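Architecture and fold: a report
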Amino acid sequence: MVQMRQSTRAARGIRVVAPGLSWALIILVALYIAVPMICALAFSIYVPTTGFTFEPYVESVRDPGFFGALSLTLLITVLTVVGLLAIMVPTMVYLHLKAPRWRPVMEILCTIPLVVPSIALAAGLVTVLRSMASFGRGSAPAQISQLLQNPDLPIVLVGSYIVLTLPFVFRSLDAGLRTIDLRTLVESAHSLGASGATVLRRVVLPNIKGPVIFCTFFCIALCLGEFTMAVTLGYRTLPVWLTQIAGSNFRASISMSLLINALTWALLIAMTVLAGRAAPARALALKGHES
Amino acid sequence: MTLTVTRSDAPSGTDPVDRAADLVHSLHARPERRVNASFMGLIPFLVFIALFLGVPVFGIVLAAFRVADVNDPGNYVPSLANFVASFRGASWDAMQNSLQISVIAALTGGIIGLALAQAILTTRSKKLTAVVTVLTSVLANSGGVPLAFSFIAAVGNAGIMTGLLSLTELGFTLYSSGGLILMYQYFLIPTMVMVVLPTLAGLRLEWKEAAASVGATSWHFWKKVGLPIATPAILGGFVLLFGASFATHASAAALIGGGGVPLITLRIDSGLAGGNLAGQENVAMALGVNMIIVALLVLLVYMPLQKRSLKWFK
């Protein structure tokens, strides 16, 4: 007993860094993480000439471009989430039930977005849309190009955002569907007379609620923060609008940016806590396209 | 011309024996048919991904491999000129600078992240580990415009810390390669922690005990057991950080916009904005293809390393 304790103590003694040094490093990195946020907050609520104020927040909301950017971003977010779930949930359920042979193909397809940086994807879209438009006014390609780029309903952006979430969403839904006995669930529901849509909505969905919420939050966070595709394709979403007003009113832009960031972080925190401890395998999928 | 009638050529459905044979045949064929039809339900997805991923990727590759015809500028001819141009002049400067920044940023973030992960484990605080697990996955996904703005507020030209620490007098400016490397650490360090923490935490106490019981010192344990097991995860982390830095566009664009520091992502931006008057748009496409190749290499190196590191913990 005594010996065992000693050996445990000896084993625990295996350290690379002394505890004091460890804490020093942790505090340093914590400062590095906290300081920019605190400075941004200070910038948004303290103006040297007038003291403490919420004026920058008010100014950002009063900016003529704000509501347009907000409503466009919200519309894109809603459509992207709905589109993502409408495409991916039935596809993944079908894949597990009827077409397991196709799983490797699907996995590769859903991983491709990781090797296409969003600026490259945006560049590809720009060149395709431009060459379609060059067919001339009224021609079918030009009309499709116009439809996809409708300024009020940017389908091209919604589709691209869905693509950007695929590596993550595939892994998440795939893992979720693996943990449940999908076949038995679906077959028993069918034998009780439930239709395909009912089975999906009332039997399968409640059983993969975790991954679905996970994907939804991730998707919302991506839509709220995505800048590269939006600016390259010429849409004034919230992040794009922020960079446009930064030149004339930096305090207003930073206050709104803080609010958006807080919301994004809250979503990501909720998502991670809901999912429990992050598995190492998730690291790759989690590395998003926002940076 | 042969007179032999093969079975499949024979008219079926008249003779009962033939019909029975057909039935048996169809019963056997059934599973095959189901397999062939099995991807039918995937068609909506396949159409979607073809439109929004296949078409743009095809578009960028096609555009990268052609240039406007000298004699007839409205027409395009196949050419490697865009790729040649992408390895010359300002484009090549941008590529080199991007690679250089990414290597330095990945090494910095990787080393700090690795030390931080070990430091967190050394404290043996479960609460701290839980908080760090959540925070790292949030911070690894942070970035974009808000990141650039908060760094401008902290250490930009008129930043609070710039004034407090008189950074300008020390020769520091955020709007430089060094500034970008500093800013990238915000998502790189957490990414590294996220990748290596589970591996380091998984170095089992029993292994350490076993090593200690045969008289191994801390140094021996890490040299012979710890590092060999952790190496794939650590290398994978470095590679991932490199890829993340290399592809970063949003925060860099929000920080330095068009000028200042040459970066491959910003070069693509300006090539697209400039239109195709000087053929810059197609050079931008070649740069995009170069980026895809780099990202592909990153993934091809990362995936086996990750698989290797997971092997120990199954």
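Residues numbered from 1 in each chain as written. Chains lettered and ligands numbered in written order. Predicted model: local features only at pLDDT ≥ 70, side-chain atom pairs only at ≥ 80, totals over all residues. Heavy atoms only, no water.

**Quick word on the overall build of chain A**
Broken down by element type, chain A carries 15 helices and two strands. Relative to its full complement of 291 residues, chain A shows a buried share of 51%. Sequence-distant contacts in chain A: of pairs separated by 6 or more residues, those separated by 24 or more amount to 76%. For chain A, the exposed surface amounts to about 13400 Å²; the carbon and sulfur share of it is 67%. (Helix = DSSP H or I, 4+ residues; strand = E, 2+ residues; numbered from the N terminus. Buried < 20%, exposed > 50% of the residue type's maximum accessible area, 1.4 Å probe, protein only. Contact = heavy atoms within 4.5 Å. Areas by Shrake-Rupley, 256 points an atom, 1.4 Å probe, with all protein chains shown as cover.)

**Some remarks on a nonpolar patch on the surface**
Where nonpolar side chains cluster on the molecular surface, the patch consists of Leu-75, Leu-79, Leu-147, Leu-153 and Ile-155 of chain A and spans about 370 Å² of accessible area. Inspection of the secondary structure puts Ile-155 of chain A in helix α8 (residues 155–178). (Patch = residues over 30% accessible without salt bridge, like charges linked within 9 Å, V, L, I, M, F, W, Y side chains within 5 Å. Salt bridge = Lys/Arg side-chain N within 4 Å of Asp/Glu carboxyl O.)

**Notes on unusual backbone geometry**
All names here are of chain B. Within the chain, Arg-124 stands out as a residue other than glycine whose phi angle is a positive 55°. Within the fold, Arg-124 resides in the loop between α4 (89–123) and α5 (126–139). Given the relative accessible area of 46%, Arg-124 is considered partly exposed. One non-glycine residue, Ser-166, lies in positive phi territory at about 40°. With respect to the helices and strands, the residue Ser-166 is situated in the loop between α7 (160–164) and α8 (177–202).

**Quick look at the pattern of salt bridges**
Residue and element names in this part refer to chain A. Inspection of the entire model under this criterion finds four salt bridges over all chains. Measuring nitrogen to oxygen at the nearest pair gives 3.8 Å for the salt bridge that ties Arg-103 to Glu-107. Here Glu-107 and Arg-103 lie together in helix α5 (residues 103–115), a separation of four residues that amounts to about one turn. On the accessibility criterion, Glu-107 (28% relative accessible area) is partly exposed.

**Quick look at the packing of aromatic side chains**
Using the criterion set out here, one finds 17 aromatic pairs over all chains in the structure. Judged by centre distance (5.4 Å) and plane angle (55°), the ring pair of Phe-66 of chain A and Trp-241 of chain A falls under tilted. A residue pair is termed long-range when its members are at least 10 positions apart, and Phe-66 of chain A in helix α4 (residues 66–97) and Trp-241 of chain A in helix α13 (residues 238–246) qualify at 175 residues. On the accessibility criterion, Trp-241 of chain A (0% relative accessible area) is buried. Among the aromatic residues, those joined into a ring-pair cluster are Tyr-32 of chain A together with Phe-151 and Tyr-186 of chain B. The positively charged end of Arg-66 of chain B is found above the aromatic ring belonging to Tyr-76 of chain B, 4.2 Å away from the centroid. (Phe/Tyr/Trp six-rings, centres within 6.5 Å; stacked < 30°, edge-to-face > 60°. Lys NZ or Arg CZ within 6 Å of the ring centre and 35° of its normal.)

**Points about the nonpolar core**
Generally speaking, soluble globular proteins have nonpolar side chains that are buried together. Judged by nonpolar contacts, the single largest core of 174 residues is most densely connected at Leu-180 and Tyr-184 of chain B. Residues within four places of Tyr-184 of chain B in sequence aside, it is in contact with Ile-101, Ala-105, Ser-245, Thr-248, Ser-251, Ala-252 and Leu-263 of chain B. (Core = buried A, V, L, I, M, F, W, Y, C linked by side-chain atoms within 4.5 Å.)

**Examining the confidence of the model for chain A**
Residue and element names in this part refer to chain A. Averaged over all residues, the pLDDT of chain A is 86; the fraction at 70 or higher stands at 89%. Here helix α15 (residues 282–286) stands out as the element of chain A with the lowest mean pLDDT, 39, in contrast to α4, whose mean of 95 is the highest. Note on residues 1–14: pLDDT is under 50 here. Beyond four places in sequence and across chains, it has 13 contacts. The low-confidence segment residues 277–290 (pLDDT under 50) makes 49 contacts with residues lying over four places distant or belonging to another chain. (pLDDT = per-residue confidence, 0-100.)

**Topic: the packing of α5 of chain A against helix α13 (residues 280–311) of chain B**
Running from N to C, α5 of chain A and α13 of chain B point in directions that differ by 120°, and their axes come no closer than 8 Å. By the angle class used here, α5 of chain A and α13 of chain B are oblique. Counting all contacts with α5 of chain A, which are made through Thr-111, Leu-114 and Val-115 of chain A, the residues of α13 of chain B involved are Ile-292, Ala-295, Leu-296, Leu-299 and Met-303 of chain B. Considered class by class, the residues forming the contact of α5 of chain A with α13 of chain B number seven nonpolar, one polar and no charged. (Axes fitted to C-alpha atoms, helices over the stretch in contact; angles between N-to-C directions. Parallel < 35°, antiparallel > 145°, perpendicular 65-115°, else oblique. Nonpolar A, V, L, I, M, F, W, Y, C, P; charged D, E, K, R; others polar.)

**Topic: the interface of chain A and chain B**
The partner chain B presents 95 residues to the 91 residues of chain A that form the contact. For the pair chain A and chain B, the summed buried area comes to about 8000 Å², and 78% of that belongs to carbon and sulfur atoms. The interface formed by chain A and chain B contains one salt bridge. In this structure, Arg-130 of chain A and Glu-281 of chain B form a salt bridge, with 2.7 Å as the shortest nitrogen-oxygen distance. With 15 residues, helix α2 (residues 19–45) of chain A is the largest single contributor of residues to the side of chain A that touches chain B. Here the residues of the side of chain A that touches chain B sort into 64 nonpolar, 18 polar and nine charged. (Buried area = accessible area lost by both parts, 1.4 Å probe.)

**Considering helix α3 (residues 55–62) of chain A**
Residue and element names in this part refer to chain A. Within the span of α3, buried status applies to Pro-56, Tyr-57 and Ser-60. Each buried residue of α3 lies within a common arc of 100° when the element is viewed along its axis, so the set occupies one face. Among the structural elements, α2, α4, α13 and α14 (250–274) are those in contact with the buried residues of α3. (Arc of directions from axis to C-beta.)

**Section: α5 of chain A**
Taking 1.5 Å per residue, 13 residues should reach 18 Å; α5 of chain A reaches 19 Å between its end C-alpha atoms and fits that length. Within α5 of chain A, burial applies to Met-106, Leu-109, Cys-110, Thr-111, Pro-113, Leu-114 and Val-115 of chain A. (Expected span 1.5 Å × (residues − 1).)

**Description of the packing of helix α6 (residues 118–133) of chain A against helix α2 (residues 43–64) of chain B**
At a closest axis distance of 7 Å, the pairing of α6 of chain A and α2 of chain B adopts a crossing angle of 80°. In terms of axis orientation, α6 of chain A runs roughly perpendicular to α2 of chain B. Counted together, Ala-120, Leu-121, Ala-123, Gly-124, Leu-125, Thr-127 and Val-128 of chain A of α6 of chain A and Phe-52, Leu-53, Val-55, Pro-56, Gly-59, Ile-60 and Ala-63 of chain B of α2 of chain B form the full contact between these two elements.

**Observations regarding the confidence of the model for chain B**
Residues and elements named next belong to chain B. Taken residue by residue, chain B gives an average pLDDT of 85. The fraction at 70 or more is 86%. Confidence, expressed as mean pLDDT per element, reaches its minimum in chain B at helix α1 (residues 16–37) with 56 and its maximum at α2 with 95. Contacts of residues 1–13 to residues separated by more than four positions or lying in other chains number seven contacts, the stretch itself having pLDDT below 50.

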